[in-house]
Amino acid sequence: MSMARHLARALLAAGALAVGAAAPAPISTRQGVYDEAQAQAGARLYATRCAMCHGRMREGTYETPALQDRFIANWSKAPVKNLYDYLARAMPQFAPGSLKPEETAQIVAYLLKANALPSGSRPLPVDGPALARIMLEPAAAPLAPKAASRTK
Amino acid sequence: MVERRTMLKGSLGAAAFAGLQACTPAARVAHASTPPPVPAPGKKVALVPIRVTPDQLIDVKCCIRPLRAAGPNLGTETIGDRLIVHNYGHGGSGWSLSWGSADVAVGKAMSVLPGEIAVIGCGIIGLTTAVLAQQYGLKVTVYARDMIQRTRSFRASGSFTPSSRVALTEPAGPAFGDLWEQMARFSWKAFRTCIGLPGKPVEFTDSYGLYDAPPQRRTRTGDPAITDSYATKGVPVQNSEFAHLDSRIRDIVPPSIALPPEENPFNAPYATRASQMHFNFPSYAHMLLTEFFGRGGQYVARDFATPAQFAQLKEKVVIHCTGYAARDLMQDPSVIPVRGQTGWLVPQPDAPYSVHYRNVMLLSKADGVAVMNLNSNPPNLGDMFGVGNSMELPVRADIEAGLKIIAPALLPAASA
């Protein structure tokens, strides 16, 4: 587990995000971690590289994961780097490894926007340490810890 | 009712096949109202033809077989202080080798005397591994993205094919045959214990091969003009590289026999028949899940981004069963995708047999009639069909084309 993740966990547990933590402080996807131009480029890429399997509206199928809701839940509480790396290595499934780093970042930006996470003034970075500091969190505020358990 | 039964028994000679399958009273009544097919002149047998019109096509599914050149990974490693036992990469043999492979993996896990283990993945390998571990006395939690019904395992065809794209001969090495045989024989015995259970999770039906010319024994000698191989390309380049091990268990698996013309009920000049074991996915999954939860198994829905996350689980021993997903998760490029596609026709319990003709296969099971069209360009790719193809989008037109190819052979046979 990375130091960023340890920090993030501690902060999340305390209910406070990246306020006055030791540098480099983790950032949340709720804080505007991509920009609009990047997300728009991602939307165009999505239409040509992703939509044939995941659906035009990211709705997925019985067999192919939807890219919203449960998807965001699955990748949450972990660095955006995990999602970025997975896309870079394994997607699109019919041509894994074919996305350039900036394209991968654009698609991640598009998915964040599509899941109601706000844009900001700067694009999502492509370098590993910077991505490792950004924690993926859904747009909605979390429920009380007990109710949020998914293990039963 | 007694009279009706007597009458039905009288007709069994003509329709032995359909009659034998009618094991419930309800089915008997249905058969009494539908007369059994009458053999064509010069024929002794007739079958209810499988309906193969496109209106019967209710599903098309794709999956990716995880062919691993060296055969399934059953090795171990440690991550943090966790013992990881691998059980993935079974090619087109995952269902068929599931119990034997689970026995090997659970055995390795038990060598460090755990009380509880984690199983990653809930396809046929993960779930079978979990149940077998419970049978051996362990407490088991399955961690998986999806339940078995939504895994690639459920998009297979469901025949017992224990050496289908399971390894390449050279990279697997000479010892693999013995391990494979151990797993295949163990699995066969385990499947035998499921025969006749409610819902028919496992059953035998007749499988017919139809031919325009007398069937030849397949030869698998390599083309000497091809100098490349897995060793140079990282993927197999011809059929002769694949391990074919079925002859090692021919003492238990029924062979294919040539049918004399009067016993060939199809509209094709030559036919063979074999008894084929197959799996009905819904009832098989129900059987495994019922046992898993009945024995106190826990299921946790979650994904893993890296193997390092295995070390965060509470269990000290982890059996890793993620199939094709292991290519990315474990960064194992020796997992080679082999695309497979099945169409599914509405179940036709009156016609419970399988047929293959001109590279098209029909497998009529309780959960539907699986259709595979193995025609390719270039033709006759055999084991190479789908190798290197990880496109999992189904193509309905390929299935419809296959139905057209096989339809004429299913018509009542022309007189001999």
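Residues numbered from 1 in each chain as written. Chains lettered and ligands numbered in written order. Predicted model: local features only at pLDDT ≥ 70, side-chain atom pairs only at ≥ 80, totals over all residues. Heavy atoms only, no water.

S.K.: For this particular structure, what's the right way to read the overall build of chain B?
M.R.: Helices and strands together make up the secondary structure of chain B, namely 11 helices and 14 strands. Projecting the C-alpha coordinates of chain B onto the three principal axes gives extents of approximately 70 × 60 × 40 Å. Relative to its full complement of 416 residues, chain B shows a buried share of 51%. Considering only intrachain contacts with a sequence separation of at least 6, the fraction spanning at least 24 residues in chain B is 77%. For chain B, the accessible surface area stands at approximately 18300 Å², while carbon and sulfur atoms represent 57% of it. Between the averaged position of the 39 positive side-chain charges in chain B and that of its 32 negative side-chain charges there is a distance of 4 Å. (Helix = DSSP H or I, 4+ residues; strand = E, 2+ residues; numbered from the N terminus. Buried < 20%, exposed > 50% of the residue type's maximum accessible area, 1.4 Å probe, protein only. Contact = heavy atoms within 4.5 Å. Areas by Shrake-Rupley, 256 points an atom, 1.4 Å probe, with all protein chains shown as cover. Lys, Arg positive; Asp, Glu negative; His and termini not counted. Charge placed at Lys NZ, Arg CZ, Asp CG, Glu CD.)

S.K.: Is there a simple way to think about the side chain of Asp146 of chain B in this case?
M.R.: For Asp146 of chain B, the location among the structural elements is in the loop between strand S5 (139-144) and helix H6 (169-172). Polar contacts involving the side chain of Asp146 of chain B include one to the side chain of Arg70 of chain A, which spans 3.0 Å. Excluding residues that lie within four positions of it along the chain, Asp146 of chain B makes contacts with Arg70 of chain A together with Cys122, Thr151 and Tyr299 of chain B. (Polar contact = N/O pair within 3.5 Å; in protein donor to acceptor, adjacent residues only side chain to side chain.)

S.K.: Looking at this structure, how should I read helix H6 (residues 101-114) of chain A?
M.R.: Every α-helical turn comprises 3.6 residues, leaving residues that sit three or four positions apart pointing alike. Residue and element names in this part refer to chain A. Taking 1.5 Å per residue, 14 residues should reach 20 Å; H6 reaches 20 Å between its end C-alpha atoms and fits that length. The element H6 is largely enclosed, with a buried count of 10 among its 14 residues. Each element contacted by the buried residues of H6 is listed here: helix H2 (36-49), helix H4 (70-75), helix H5 (80-90) and strand S3 (134-136). (Expected span 1.5 Å × (residues − 1).)

S.K.: Is there a simple way to think about the interface of chain B and chain A in this case?
M.R.: A common way to express how large an interface is: the accessible area buried when the components associate. Taken together, the contacts link 22 residues of chain B with 20 residues of chain A. Of the roughly 1900 Å² buried between chain B and chain A on both sides combined, carbon and sulfur atoms contribute 43%. Put simply, chain B and chain A have two salt bridges between them. In this structure, Arg70 of chain A engages Asp146 of chain B in a salt bridge whose closest nitrogen and oxygen atoms are separated by 3.0 Å. At the surface where chain B touches chain A, the tally comes to seven residue pairs in polar contact (both at pLDDT 80 or more). Secondary structure elements with two or more residues in the side of chain B that touches chain A: strand S1 (57-68) and strand S9 (298-301) of chain B. The greatest single-element share of the side of chain B that touches chain A, amounting to four residues, is contributed by S9 of chain B. Split into classes, the residues belonging to the side of chain B that touches chain A amount to seven nonpolar, six polar and nine charged. (Buried area = accessible area lost by both parts, 1.4 Å probe. Salt bridge = Lys/Arg side-chain N within 4 Å of Asp/Glu carboxyl O. Nonpolar A, V, L, I, M, F, W, Y, C, P; charged D, E, K, R; others polar.)

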